Amino acid sequence: MDTLKVRDAKDVEEVVRAAVASEQPLEVIGHGSKRAIGHPMPTNALLDVSALNAVTSYEPNELIITVQAGAPLADVQSLIDAKNQQFAFEPMDISVLLGTAGAGTIGGMIGAGLAGPRRIKAGGIRDHLLGAHAVSGFGDSFKTGGRVVKNVTGYDLCKLLTGSWGTLAVMTEVTLKVMPKPEAERTLVLRGLDDITANKAMTAALGSPFDVSGAAHLPGSALRSAGGALAGLASGQPVTLVRLEGISASAAHRAASLSQTLSSYGTVDGLADDASAAIWSALRDVVPFAANGALGAWPVWRIVCPPASGGALGQALSRATGGDVVYDWGGGLIWAAVPPGADAQAMLVRGQVEAIGGHATLIRATEDVRRAVDVFQPQAAGLAALGERVRASFDPRSVLNRGRMMRGGAA
């Protein structure tokens, strides 16, 4: 396979124009950490943007950072951490699930759009992307957004680029909002709740006035295969977790008050600061289903659904598939690991998910399975047609990540 390693946006333009002229589709990669997500792509050429890795500008006082799209996510996080700042959406390290090396690049983070537990409070990646420079499937550079939060320049294409998996344009530089790290965090722990009761407890916590920044539930079966920070959390018992963050006095006071609110569901224990942070990092990266763990060979689905329906859906999926689930976002996000099979139990999973108005993405599966089933949620005819028109307006020849998002199609 030919690898075309670019040095700047001009190189990207030339490579894309040559691909259009020769009708040669390109697979766009940074570090390649997410190549195993999506349908296998019909191409023998890689557009490698990993050399676009500079930090163009970082203004801690203004809470913004501008970096090239190939910058390693881990390096950028280390840089802002040194100023006691963070990406509030908690970008996921998908390498834990996929068994790949490293957390990938900034561009890959935006293209995948996978936010962590704090999404319920801080919003997703698209809410923190202020501006971007990119090259379309025509081979033309364009700019969207800017370097300030209140920006109204042109169309808000940032929201289209986020979660597009490289099918619309090749990002070359992006500007992101950063936020101060909280001074303290507290995690409330309830043990022994079934999925439905845990869902109710998380809903009560999120509906309280105590500014919850994380709500998750791990059934006992999922904990048995968990390692790291989760290993000592409970001995086979289900665990429900609720996080609060802020200045120390506020976090402690709110935790005490919320403990009283949740006491009707059972005994409430607590974790603080580093111990709490380690737990949420493990949840963010779905460590119970890690590639090097006991369920490493099982396909993994990422399911987004109405939070109030999450407990019932997860329980039904576990019974029907014989798999395990982990709940995040107060029940609105379910990670489901299912026993291996020819279709990763796609019909069963999607049938139950669609019945409650949710959608499911197959995050981990073998290449054969990803060829056989729809990796991304199939859309209704009208919505699919609209999406295809949007994609074609950026990349009419479908040279960028052709076929990654739609089986047998251009997108």
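Residues numbered from 1 in each chain as written. Predicted model: local features only at pLDDT ≥ 70, side-chain atom pairs only at ≥ 80, totals over all residues. Heavy atoms only, no water.

The next thing to look at is the pattern of salt bridges. Summed over the entire model, instances satisfying the criterion amount to 17 salt bridges. The partner of Arg371 in a salt bridge is Glu367, and the shortest N-O contact between them spans 2.6 Å. Taken together, the residues Arg371 and Glu367, both in helix H13 (residues 367-372) and 4 residues apart, mark about one turn of the helix. On the basis of relative accessible area, Glu367 is assigned to the partly exposed category, the value being 41%. Put simply, Arg407 and Asp374 hold a salt bridge, and the shortest N to O gap is 3.3 Å. Of this pair, Arg407 sits in the segment after helix H14 (381-394) while Asp374 is found in the loop between H13 and H14, placing the two residues 33 residues apart along the sequence. Owing to a relative accessible area of 25%, Asp374 belongs among the partly exposed residues under this scheme. Through salt bridges with shared partners, a single network forms among Lys10, Glu13, Arg17 and Asp140. (Salt bridge = Lys/Arg side-chain N within 4 Å of Asp/Glu carboxyl O. Helix = DSSP H or I, 4+ residues; strand = E, 2+ residues; numbered from the N terminus. Buried < 20%, exposed > 50% of the residue type's maximum accessible area, 1.4 Å probe, protein only.)

Two numbers describe how helix H11 (residues 310-321) lies on helix H12 (residues 346-355): the axes approach to 11 Å, and their chain directions differ by 160 degrees. By the angle between their directions, the pair H11 and H12 is classed as roughly antiparallel. Here H11 and H12 pass one another in a crossing that is right-handed. Contact with H11, carried on its side by Leu313, Ala316, Leu317, Ala320 and Thr321, involves Leu348, Val349, Gln352 and Val353 of H12 and no other residues of that element. Grouping the amino acids of the contact of H11 with H12 by side-chain chemistry returns 7 nonpolar, 2 polar and no charged. (Axes fitted to C-alpha atoms, helices over the stretch in contact; angles between N-to-C directions. Parallel < 35°, antiparallel > 145°, perpendicular 65-115°, else oblique. Left-handed = near helix turned anticlockwise from the far one by under 90°. Contact = heavy atoms within 4.5 Å. Nonpolar A, V, L, I, M, F, W, Y, C, P; charged D, E, K, R; others polar.)

This part is about the side chain of Asp48. Relative to the elements of secondary structure, Asp48 occurs in strand S3 (residues 45-48). Despite its burial, Asp48 pairs with no opposite charge, the nearest such side chain being Lys5 at 4.3 Å. For Asp48, the side chain forms a polar contact with the side chain of Ser50, separated by 2.7 Å. Among residues more than four places away in sequence, those in contact with Asp48 are Thr3, Leu4, Lys5, Val6, Ile29 and Gly30. (Lys, Arg positive; Asp, Glu negative; His and termini not counted. Polar contact = N/O pair within 3.5 Å; in protein donor to acceptor, adjacent residues only side chain to side chain.)

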